[in-house]
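Structure assessment
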Amino acid sequence: MSGKNEKTRIAVLASGRGSNFVAIADAVSRGDINAEIVLVVCNKPGAGAIEAARERGIEVKLLESRGAPAGEYNEKLVQVLKDCRPDLVVLAGYMKIVGKTVIDAFPMRIVNIHPALLPSFPGLNAQKQAFDYGVKVTGCTVHFVDEGVDTGPIILQRSVLVEDDDTAETLSKRILVEEHRIYPEAVRLFCEGKLRVEGRRVFIERD
Ligand code: GRF
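Here's a quick rundown of the structure. What you see is a predicted model, and the numbers here were worked out from it, not measured in a lab.

Reading guide: rules and limits
Residues numbered from 1 in each chain as written. Predicted model: local features only at pLDDT ≥ 70, side-chain atom pairs only at ≥ 80, totals over all residues. Heavy atoms only, no water. Near = heavy atom within 4 Å. Polar contact = N/O pair within 3.5 Å; in protein donor to acceptor, adjacent residues only side chain to side chain. Areas by Shrake-Rupley, 256 points an atom, 1.4 Å probe, with all protein chains shown as cover. Helix = DSSP H or I, 4+ residues; strand = E, 2+ residues; numbered from the N terminus. Nonpolar A, V, L, I, M, F, W, Y, C, P; charged D, E, K, R; others polar. Buried < 20%, exposed > 50% of the residue type's maximum accessible area, 1.4 Å probe, protein only. Axes fitted to C-alpha atoms, helices over the stretch in contact; angles between N-to-C directions. Parallel < 35°, antiparallel > 145°, perpendicular 65-115°, else oblique. Left-handed = near helix turned anticlockwise from the far one by under 90°. Contact = heavy atoms within 4.5 Å. Phe/Tyr/Trp six-rings, centres within 6.5 Å; stacked < 30°, edge-to-face > 60°. Lys NZ or Arg CZ within 6 Å of the ring centre and 35° of its normal. Pairing = 2+ DSSP bridges.

1. Some points on the site of the ligand
Around the ligand lies a shell formed by Arg17, Gly18, Ser19, Asn20, Gly93, Ile113, His114, Pro115, Gln127 and Glu179. Take Ile113: an N or O atom from its main chain is 2.9 Å from a nitrogen atom of the ligand. Take Glu179: an N or O atom from its side chain is 2.7 Å from an oxygen atom of the ligand. Alone, the ligand offers 360 Å² of accessible surface; in the complex the protein occludes 88% of this. Elements represented by at least two residues in the shell around the ligand include exactly α1 (19-30) and β5 (110-114). Across the shell around the ligand, the residue classes break down as two nonpolar, six polar and two charged.

Below is the structure:
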């Protein structure tokens, strides 16, 4: 990472509407996070994240993954990322498995948010998986990215109670509100050098 008062260089990978990206970008604009978002890479044309980045004057690179062999796509992605020299890579609704080449290029420098309390309900549609299972408590998790699917060391979690009159949709909305709180917070902690990883455990130096 950069020196103590230097801005952390953040690259964002997104595939969809980009609300988590917006939450982080707004926290950066407010000065809550001492960072600069240097690039948003999007693998899906037309994704909301593209427009949101442009509106904020942040450089966007469309790197279409559809039809591209995974190996080739990941090599291109590593190149694009290396070119912008990020200290941190933030996955914000990035709907692709991050290949080993990418992880090896940025070890413990990639973070993700997952809409369930890991290790429960990894993978797609986590909110619905939890709802259908009948859990009383679910939530969201920010974690470092390793080679597994949603298996990396956990940075922050926030719980959300399931109410009797919830649907998977109403529950997802309340989880999203918490996502927008803990993701910028986790990014801030990273940028301030307050995260220490020991094996699977992430220790947070409190403010
Ligand atoms: C969020 O629910 C996040 O937890 C998951 O994908 C969704 C992305 O939403 N990884 P958005 O694009 O950030 O609005």
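2. Description of unusual backbone geometry
Residue Pro119 is reached from Leu118 by a cis peptide bond, and omega for that bond is 10°. Its identity is not glycine, yet Arg85 carries a phi of approximately 45°, on the positive side. By the secondary structure assignment, Arg85 is in the loop between α3 (70-83) and β4 (88-92). Overall, the relative accessible area of 54% leaves Arg85 in the exposed class. Of note in this structure, Asp150 is not a glycine but carries a positive phi near 60°. Along the chain, Asp150 turns up in the loop between β6 (137-144) and β7 (154-161).

3. Examining the packing of helix α5 (residues 126-133) against helix α6 (residues 168-191)
Put simply, α5 and α6 touch, their axes get as near as 9 Å, and they point 125° apart. Accordingly, the angle class assigned to the pair α5 and α6 is oblique. Two packed elements cross with a definite hand, and for α5 against α6 that hand is right-handed. Residues Gln127, Lys128 and Phe131 of α5 form the contact with α6, whose own contacting residues are Ala168, Leu171, Ser172 and Ile175. Along the lines of polarity and charge, the residues of the contact of α5 with α6 split into four nonpolar, two polar and one charged.

4. Overview of the environment of Leu62
By the secondary structure assignment, Leu62 is in strand β3 (residues 60-62). Residue contacts for Leu62: discarding those within four places in its chain leaves Cys42, Asn43, Lys44, Pro45 and Ile50.

5. What about the packing of aromatic side chains?
How two aromatic rings sit relative to each other is set out by the distance from centre to centre and by the angle between their planes. Counted according to the given criterion, the structure contains two aromatic pairs. With a centroid separation of 5.6 Å and 65° between ring planes, the pair formed by Phe121 and Tyr133 is classed as edge-to-face. Pair noted here: Phe121 is in the loop between β5 and α5 and Tyr133 is in helix α5, with a separation of 12 residues, a long-range link. Among the residues examined, Phe121 registers a relative accessible area of 16% and is labelled buried. It is Lys96 that lies over the ring of Tyr73; its NZ or CZ is 5.0 Å from the centre.

6. Let's talk about the pairing of strand β9 (residues 201-204)
Pairing of strand β8 (residues 195-198) with β9 involves four bridges; the strand directions are antiparallel. Bridging across to β9, Glu198 finds its partner in Arg201.

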